[in-house]
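Here's the letter readout for the chains.
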Amino acid sequence: MQQALQIPPGIRCTEKIYCRGEVMLDPCAENQFLYLLTSGEATVYYQTENGEILAIYAYHPVDFFGELELLSDRKLPTLVRARTDCRVTLVHRDEVLRWLKQDFSFTQLVLRRLCEKVVEGSDERMRLSLLTIRQRYLLAIRRHQEAGDLAKLTKAQLCEEVGAPVRSLNRVIAQCSGEVQYKKRRFVPQPLLNAATI
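Since the model is a prediction, treat every value here as computed from it, not as a measurement. (Residues numbered from 1 in each chain as written. Predicted model: local features only at pLDDT ≥ 70, side-chain atom pairs only at ≥ 80, totals over all residues. Heavy atoms only, no water.)

1. Some remarks on the packing of helix H5 (residues 155-162) against helix H6 (residues 166-175)
As a reminder of what qualifies: Under this scheme, a helix contributes an axis fitted over its contacting stretch, all axes are lines through C-alpha atoms, and angles between N-to-C directions fall in the 0 to 180 degree range. What counts as a helix is a DSSP run of H or I of at least four residues, what counts as a strand is a run of E of at least two, and both are numbered from the N terminus. Each angle receives one of four descriptions, namely roughly parallel if under 35 degrees, roughly antiparallel if over 145, roughly perpendicular if within 65 to 115, and oblique otherwise. Every residue pair with non-hydrogen atoms within 4.5 Å of one another is taken to be in contact. Under the convention adopted here, Pro, Cys and the residues Ala, Val, Leu, Ile, Met, Phe, Trp and Tyr are nonpolar, Asp, Glu, Lys and Arg are charged, and Gly plus all remaining residues are polar.
Relative orientation of the contacting elements H5 and H6 amounts to 100 degrees, with a least axis distance of 10 Å. In terms of orientation, H5 and H6 fall into the roughly perpendicular class. Where H5 abuts H6, its residues Lys155, Leu158 and Cys159 lie against Val166, Leu169, Asn170 and Ile173. Split into classes, the residues belonging to the contact of H5 with H6 amount to five nonpolar, one polar and one charged.

This is how it looks when you write it as structure tokens:
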């Protein structure tokens, strides 16, 4: 989405600010609101059965989330946390349903975003499934090296990019110490990285 949503007159809403790192949608609490992200970035996380947390989607302004719980029988959301300070407009479920009934273009927008999220998620899973964690790790390191921001790369950020939990990433880091060493919380490429076939 590129344009801000114009909330029609008569649809009640509230604005809220979330600080960086704050939980926006709690997976243990029922969600009754549509979140319209007007500024900042938010990340959706999936928690595995063994407690590992994996980033699976990122929201950027202007976008929305929380619609799944409002439009389906699923009442508990997936964890969403503010990646940066965020400003959202919250619209209660009853108001969202009223909005959908009176504004067909809003209904189309919600349906289009739902479809886009399904396609984006499927494409990303397919792309990542074709590469091993080792290949994803080395590609991410190479991308950051070429962009000149490897010194700022954190292990948490790399977990998100690689799509692997910390435990799995730690194993790959150890296996790839000939290509990239992890010293003092920094990734240090070795001469073998440029020659490595990914």
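2. With respect to the pattern of salt bridges
What counts is decided by this rule: Any Lys or Arg side-chain nitrogen found within 4 Å of a carboxyl oxygen on Asp or Glu counts as a salt bridge. With a 1.4 Å probe rolled over the protein chains alone, any residue whose accessible area is under 20% of its type maximum counts as buried; one over 50% counts as exposed, and the rest are partly exposed.
A complete count under the given rule lists 10 salt bridges for this structure. The shortest N-O distance in the salt bridge between Arg87 and Glu15 comes to 3.3 Å. Of this pair, Arg87 sits in strand S8 (residues 86-92) while Glu15 sits in strand S1 (residues 14-18), placing them 72 residues apart in sequence. According to the relative accessible area criterion, Glu15 is exposed, its value standing at 54%. The salt bridge involving Glu116 is made with Arg113; its shortest N-O contact spans 2.6 Å. Placement of the pair is Glu116 and Arg113 together in helix H3 (residues 104-129), with a separation of three residues, close to one helical turn. A relative accessible area of 28% places Glu116 in the partly exposed class. Residues joined in a network through salt bridges with shared partners are Asp63, Arg112, Arg113, Glu116 and Glu120.

3. Regarding the side chain of Lys117
Threshold: Contacts described as polar in this section are N or O atom pairs within 3.5 Å, which, within protein, must combine one atom able to donate a hydrogen with one able to accept it, while residues neighboring in sequence count only if both atoms come from side chains.
Secondary-structure assignment places Lys117 in helix H3. Reaching out from Lys117, the side chain makes a polar contact with the side chain of Tyr59 at a distance of 3.2 Å. Within the structure, Lys117 has its side chain in polar contact with the backbone oxygen of Phe64 (distance 3.0 Å). Every residue in contact with Lys117, bar those within four places of it in the chain, is listed here: Tyr57, Tyr59, Phe64, Phe65 and Glu67.

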